[in-house]
Structure formats: structure tokens, C-alpha cells
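A look at the structure
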Amino acid sequence: MGALNADRWFLRERIARHFPVVPAIPGVMSTPPTITQGTVGGASQISGSYNVPNTDAVFTYLGSRSAAFINGFTVCDAVRPSTGATSGGTGWAVTFLHDGTEFEIKMQSSSGNANYNVLVDGQYVVARASYKTQAAGGGTFRDRFVFGSRAPRHITIEMYSGMRFGGIEVDPTGRLIKAPVSPLRMVVVGDSLGEGSTQARPCGGYAWIAGRHMLGIADIWSASVGATGYVATAGGTKLKYRDRLAEVIALAPDIVLIQSSINDAGSEASAVTEAGLCFAALRAGLPAAVLIGTGVLNMHGTNSGYDTIGAGVQAALAALSGPTAYIANTQSGASTGAGTGSGQWAWGTGNTGATTGTGNADLYCDTDGTHPNAAGHDYLAWRMGMAARAAILAL
């Protein structure tokens, strides 16, 4: 075994050992805790509770830096640039272990996107589309979760950028413990699909679901912004992919996935050039990271322009040293119907509001005719996650 092959073998094993044995989209608890939402400014509903503050080392922050605070509450500080700022973010999380019968989440809301959901041992307490929310305004509130029995549980709170985390109120005989999580970090660079598009639920886009639940990488960052691409800038109001890579590199991720976008349609030659510059910049800044590129991710059929972008991305990756992979999710004529094993992941001309009876776009494309619905994000996450697993195992 040569030195390069040995390096790749160790890299592959380092990542693959975190893969779930049976990767699956998370479901909903059959016996969830009873949830009582607190009032703004209200005291703890748990008699004799004690507070574990958000600064305690027991908490592991995922997809956001843990050092950003407002009024003593942790706020999302993720990669979400528009014309240069790095803040906000469409999804972030905090995880820990809880041994007890109940707890409360201490939070503030700062916007209409102050939404959150909770996973207990990998299952959601409510359906992702039925996330919890609080009115905007900045007041402190505590939502109570009461279980039917005492047990050790792994808790993950997924939040939207408007939610501020203030710690956990613990029942008097309960205890919090730091959760073991994968040390790997993955960043997804994309457009509104990577951002979560129509999904108001926290961490509801394909990027988070694929990373956490299909690859076993808890620390997922989405550096995705709607209406952007390799070239597209939403009329100069947002940064194209390459112009936000400095923030990506600064995070020192183990894996970077760049999703090609329909927003670059009509600018294929420039998009191919930019793709080469993007991956070259990532390799220069992240010499050991796995770099993954995809074809144009979309909810309907492909065309020759999309194929041109995909081929350019594939060529750009092949020209690099180090571990790379291309995910071929678009290919003209390769998946005009069900049963094909490669090519276009979503196809057809319909959507959930105007079905045609042909193609899975009837099931997975939202009524706007462009973005995935909730089931569509789950489907894309499953396809992307399985493709990424295969690509990493082939390094």
C-alpha cells in the first residue's frame, strides 16, 4: 500500500466509523413527553428545579459557535452571509444527556422564526412540520418536558436562528451529562435547497438531515443562501459561493459539499469556471478535507445546461489532489421515469398542488413548483446521504 493510499484508507475509516449502521430519516416518538409551553417572563414550572446555564461545558453546540451571546443567551452564529456578514443561520442545535423525569428549556425569542424541535434518543417529540414556536419579543420563557418515567436519555434541541438558548432547568433529582458526539464537522454550501427552502422547521433542510442522520456527523453547518450559486448573487444582494468560502475554510471542516444550483442556469460557462476556482480555493485552505461536488439539484427534469455544469464540477474535482468525490444526481435522459438507478433524483413536471401522475415531483415538489416540500427534503437527504456514504467508502 502506497503512502497516498494509506492516507486515504485512514481518512475513509476515520469518517466511516461514524456512519449509522442502519441510516434512516428520524421518526416521531411513539410515547413522547408531555410538553407545557411557558409564558413569557414566567418562572420555572418544576418545583425545586436548578438551572444549568448555557455556558456549562455539558452542552455541545452544533452548527454554530458557542461563544456568541445576547443578554446572556446563546445565539446562532453560523455561516449565512448575504453581502458579507456572518451571522444568523437557518439551523443550529445543542445536545446533552439527561437522567431524570423532566426538564425545561430556558429560551428567548427574537423573531418570528423562533422555532425549535427536540429529539429524544434520535426521535422527534413532535413531527418536524409541527415544531414548537414562541412569539417574538425577546422575553424569557421555559418550556417543560415531562416523561412518564425516569431514564437516561440523549436530548438534542434543534433551533432556528431567532431562538436564543439560556440553559436547562433540571428536576431536583435529575442530572445533565455531556453527550458523546462525532468529532467530525461538515459544511454544505448551497442555495435555498441547502438553506431549507420552504421548511420553517429548524434544521429541516436536506443538509442537516443527511449529515446527522445518514452520515452520523452531528456538527453540520449550512453555508447556504437562497437565490445564489457559483455565479448567481440575487442581483448583487448576496454573495456567490466563492465569496463566502473564507468563512467555510475558517471552520476547518472535515468534509465540504458544494451543491450546484439552478440559479446558475443561463450562465453555465461562468459557473464551470467558478466551480474550478471554488474547489481550488477549498483545497488550498483545507488540504486534507474531503471535497464533494454535486450536479444541479432541482425538483424537475434536467437539461443540457445542467449537464454542462455537472460535467464542469466533475472535471474540477478530478483536477485536484487529495480526496474528492462527485455525486451525479443530474444526467439528461438517464431517469425519465421510475426505476432508473442513476441520473435525475427528482423528475416530472408536477407538484403537490398540481399533480400529473408522472414522476416523483408530484410527491416531493412544493406547490411553488421549485422547492422541495417536507417529504422532498427527506427524500433528497436520503439520496444525498446514501450517495455521500458510497463516495466516502470509495476513497
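Computed from a predicted structure; not experimentally measured.

Some thoughts on the confidence of the model for the protein
Chain-level statistics for the protein give a pLDDT mean of 87 and a share of 87% at 70 or above. Confidence drops under pLDDT 50 across residues 333-341; counting only partners more than four residues distant or on other chains, this segment forms 11 contacts.

Here's the deal with the nonpolar core
For soluble globular proteins, nonpolar side chains are generally found buried alongside one another. One finds Ile15, Met186, Tyr206, Ile255, Leu380 and Met384 to be the most contacted residues of the largest nonpolar core, which totals 38 residues. Listed by contribution, the elements that provide at least two residues to this core are helix 1 (3-16), strand 13 (185-189), helix 3 (206-214), strand 15 (255-261), strand 16 (290-297), strand 17 (324-327), helix 7 (361-364) and helix 8 (374-393).

A short note on helix 5 (residues 268-285)
For helix 5, built from 18 residues, the straight-helix expectation of 26 Å at 1.5 Å per residue is met to within 8% by its first-to-last C-alpha distance of 26 Å. For helix 5, the complete set of buried residues consists of Glu268, Ala271, Glu274, Ala275, Cys278, Phe279, Leu282 and Arg283.

So, the environment of Glu104
Here Glu104 lies in strand 6 (residues 92-109). Between the alpha carbons of Glu104 and Gln45 there is a distance of 8.1 Å; along the sequence they are 59 residues apart. Residues within four places of Glu104 in sequence aside, it is in contact with Ser44, Gln45, Ile46, Arg142, Asp143, Arg144, Gly167, Ile168 and Glu169. At 2.6 Å, the side chain of Glu104 and the backbone nitrogen of Gln45 are in polar contact.

Regarding helix 6 (residues 304-318)
The end-to-end C-alpha distance of helix 6, which contains 15 residues, comes to 21 Å, matching closely the 21 Å that a straight helix rising 1.5 Å per residue would cover. Of the surrounding secondary structure, the elements contacted by the buried residues of helix 6 are strand 15, helix 5, strand 16 and strand 17.

Things to note about the sheet that holds strand 15
Hydrogen bonds along the backbone pair up the strands of a sheet, which may run parallel or antiparallel. An order of 14-13-15-16-17 is seen for the five strands of this open sheet, with the pairing classed as parallel. Lying at the two open borders of the sheet, with one neighbouring strand each, are strand 14 (219-222) and strand 17. Sheet twist, expressed as the mean angle between neighbouring strand axes with direction ignored, is 15°. Taken strand by strand, helix 3 contacts strand 13, strand 14, strand 15 and strand 16, and its axis lies near 160° from that of strand 14.

As for the packing of aromatic side chains
Following the criterion strictly, the structure yields 11 aromatic pairs and no others. An angle of 15° between the planes, with centres 6.2 Å apart, marks the rings of Tyr61 and Trp92 as stacked. Here Trp92 lies in strand 6 and Tyr61 lies in strand 3 (residues 60-62), a separation of 31 residues in the sequence. Both residues of the pair, Tyr61 and Trp92, belong to the buried class. Aromatic rings pair up to connect Phe59, Tyr61, Trp92, Phe96, Phe103, Phe145, Phe147 and Phe165 into one cluster.

What counts and what doesn't
- Residues numbered from 1 in each chain as written.
- Predicted model: local features only at pLDDT ≥ 70, side-chain atom pairs only at ≥ 80, totals over all residues.
- Heavy atoms only, no water.
- pLDDT = per-residue confidence, 0-100.
- Contact = heavy atoms within 4.5 Å.
- Core = buried A, V, L, I, M, F, W, Y, C linked by side-chain atoms within 4.5 Å.
- Buried < 20%, exposed > 50% of the residue type's maximum accessible area, 1.4 Å probe, protein only.
- Helix = DSSP H or I, 4+ residues; strand = E, 2+ residues; numbered from the N terminus.
- Expected span 1.5 Å × (residues − 1).
- Polar contact = N/O pair within 3.5 Å; in protein donor to acceptor, adjacent residues only side chain to side chain.
- Pairing = 2+ DSSP bridges.
- Axes fitted to C-alpha atoms, helices over the stretch in contact; angles between N-to-C directions.
- Phe/Tyr/Trp six-rings, centres within 6.5 Å; stacked < 30°, edge-to-face > 60°.

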